[in-house]
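# Chains, contacts and geometry: an overview
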Amino acid sequence: MNEHTGQSILVLGSTGSVGINTLDVIQQHPETFKVLALAANQNNKLLYEQCRSHKPRYAHLACPKAATQLQQQLKTVNSPTQVLTGEDKLISLVADKSVDTVVSAIVGAAGLPPTLAAAQTGKRILLANKESLVIAGELLTKATQNNNAVLLPIDSEHNAIFQCLPSSHQRTLAPKELSKTGHVKKVFLTASGGPFWKLSSQELDKVTPQQALAHPVWSMGPKISIDSATMMNKGLELIEACWLFGLQPDDIQVIIHPQGVVHSMVEYIDGAIIAQMAPSDLRVMISHGLSWPQRTRSGVTPLDPLSLTHLQFYPPDSHKFPSLRLARQAMITGGTAPAILNAANEEAVCAFLKQRIGFTQIVEVVEKCLTSLATNTVEDLSDILEADAQARSAAQQTIKHCEKRYPCMSC
Ligand code: NDP
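Everything in this summary refers to the structure shown in the same document. None of these values were measured; they are calculated from a predicted model. (Residues numbered from 1 in each chain as written. Predicted model: local features only at pLDDT ≥ 70, side-chain atom pairs only at ≥ 80, totals over all residues. Heavy atoms only, no water.)

### Quick word on the sheet that holds strand β5 (residues 101-104)
The criterion, for reference: DSSP bridges decide pairing: two strands pair if at least two such bridges lie between them. We count a stretch as a helix when DSSP gives it H or I for four or more residues in a row; a strand needs E for two or more, and each element gets its number in order from the N terminus. Between N-to-C directions, angles span 0 to 180 degrees; the directions come from axes that are lines fitted to C-alpha atoms, helices contributing only their stretch in contact.
Pairing in this open sheet of 7 strands is parallel, and the strands run β4-β3-β2-β1-β5-β6-β7 from one edge to the other. A strand with exactly one partner marks an edge of an open sheet, and here the two such strands are β4 (82-84) and β7 (150-153). Pairs of neighbouring strands in the sheet enclose a mean axial angle of 20 degrees, with direction left out of account. Bridge analysis of strand β6 (residues 124-127) against β7 gives 4 bridges, and the strand direction is parallel.

### Points about the nonpolar core
The condition is simple: Residues belong to one nonpolar core when they are buried, are Ala, Val, Leu, Ile, Met, Phe, Trp, Tyr or Cys, and are joined through side-chain atoms within 4.5 Å. Residue exposure (1.4 Å probe, protein chains only): buried if accessible area is under 20% of the type maximum, exposed if over 50%, otherwise partly exposed.
L341, I357 and F359 are the most contacted members of the largest nonpolar core, which totals 126 residues. Broken down by element, the residue count for this core peaks at 10 residues, all from helix α16 (residues 337-353).

### Things to note about a nonpolar patch on the surface
Applicable threshold: Residues form patches when they are more than 30% accessible in relative terms and have no salt bridge. Like charges link within 9 Å. Nonpolar side chains (Val, Leu, Ile, Met, Phe, Trp, Tyr) link within 5 Å. In this description, accessible areas are obtained by the Shrake-Rupley approach with a 1.4 Å probe, and a residue is regarded as covered only by the protein chains that are shown. Note on definitions: salt bridges are taken to be side-chain nitrogens of Lys or Arg within 4 Å of carboxyl oxygens of Asp or Glu.
Taken together, M277, L311 and F313 make up a surface patch of nonpolar side chains, about 250 Å² in accessible area. With respect to the element layout, M277 can be found in strand β11 (residues 273-277). Under the relative-accessibility criterion, M277 is labelled partly exposed at 44%.

### Thoughts on the sheet that holds strand β10 (residues 262-268)
With mixed pairing, 4 strands are arranged side by side in an open sheet as β9-β8-β10-β11. Both outer strands of the open sheet, β9 (252-256) and β11, are each paired with one neighbouring strand and no more. The sheet shows a mean angle of 20 degrees between the axes of neighbouring strands, taken without regard to direction. Bridging between β10 and β11 involves 5 bridges; their strand directions are antiparallel. Looking across to β11, one finds that V262 is bridged to M277.

### With respect to the environment of I91
Under the convention used in this document: Whether two residues touch is decided by their heavy atoms; if any such pair falls within 4.5 Å, the residues are in contact.
Position of I91 among the secondary structure elements: in helix α4 (residues 87-95). Judged by its relative accessible area of 26%, I91 falls in the partly exposed class. Here the alpha-carbon distance between I91 and K320, two residues 229 residues apart in the chain, equals 41 Å. Excluding its chain neighbours within four sequence positions, the residues that come into contact with I91 are P113, P114 and A117.

### Side note on the packing of aromatic side chains
Quick reminder of the rule: Side-chain rings of Phe, Tyr and Trp (the six-membered ring for Trp) are treated as a pair once their centres are within 6.5 Å; stacked means planes under 30 degrees apart, edge-to-face means over 60, and tilted covers the remaining angles.
Applying the stated criterion across every chain, the model contains 4 aromatic pairs. When the ring of F196 is compared with that of F359, the centres are 5.3 Å apart and the planes differ by 80 degrees; the resulting orientation is edge-to-face. Note that F196 is positioned in the loop between β8 (184-191) and α10 (201-205) and F359 in helix α17 (residues 359-372), a separation of 163 residues in sequence. Of the two residues, F196 and F359, neither departs from the other in class, the shared state being buried.

These values are about where atoms sit, not about what they do.
Here it is as structure tokens:
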């Protein structure tokens, strides 16, 4: 039996970059935080190691074969961890009364159903999985409000904005027309610019997956690294910020800040701008989310202000990086448009990583889907899942067409 009296935590996506950093912070505070359950897709090897270190009551793998292997591995060491598989089991796990906090760090739209279940069952949610808020912003924020859940952003920029906001706006995050009630004039969403922001359009055409995966500032999973290189990550984050803080796209100005020291800024009506600075280490944001409204150690080496000789800010080039425009437009259009944008992007990123299409074609695929598919209103989760499936199918058609145009891409 679990007799621990601290926060009981379920980490969704524990084997990924955010998940691993979360477990690092938790391990530093055994009196305060306890891992109740871990969930991943198919990486039974790493999940086994994590089960040995953190002794969760439950471990969930989406892949049934990997779950069977994990079960066998854990049996040989008499581990008490119960292994589960299947989406219904994951939803029940999220809803389990003994779970206080859900760290939502699955990559992509697959993170939506468990994140929504966490909101519907009133959990404290540490949100890294931006895609769920992008595709289901209204559903997720309403479920949060209606069930007294708490949505805390651990995406670095949104965590920074949260920290720069007046405390009256931090109690429970949900749409609240910040600009009218919080004396906030504008939000600056910073972007490192990824590895290619200085390249010409011609040079961008030749970028390889290996080059795109090498982010200059952050160490992250493959999907977000590619999103960062195309700047679609910033487009998704713009939509995420709109839902989290009740902003309109025009309230948000994206600026390139290559040093990645300032994680975002909030401008007030009196001319003051409050910025949050921290090392580019996810553990700062994760420990903030875990301990909010208090603070706790994260294990990072703090910034030395004397070393900050250059803090530069530039406007993004929307001609070279059209993803920002597409995301802004999808948010304005509303309904299923952001779900179409996200699903097409997930398919295109996957095709690029497999060298089926070129780098600049990622955004072409997204734009084609957005212009060719009808946008519908969203009543419930099924509307989003339907739009997601349609967009994936349309994206696959476009990807096939791109392959025909560039037959040597995968050679
Ligand atoms: P990774 O690719 O490193 O990890 C993804 C995690 O999700 C893995 O644990 C993976 O399991 C799991 N997963 C994937 N598909 C499924 C599925 N169908 N069911 C259950 N689990 C699944 O991603 P990151 O950690 O980089 O990113 C995670 C999320 O956090 C993304 O939404 C990203 O945008 C966001 N984020 C990431 C940041 C970063 O610095 N990395 C910063 C801010 C936000 P397995 O290993 O078994 O495949």
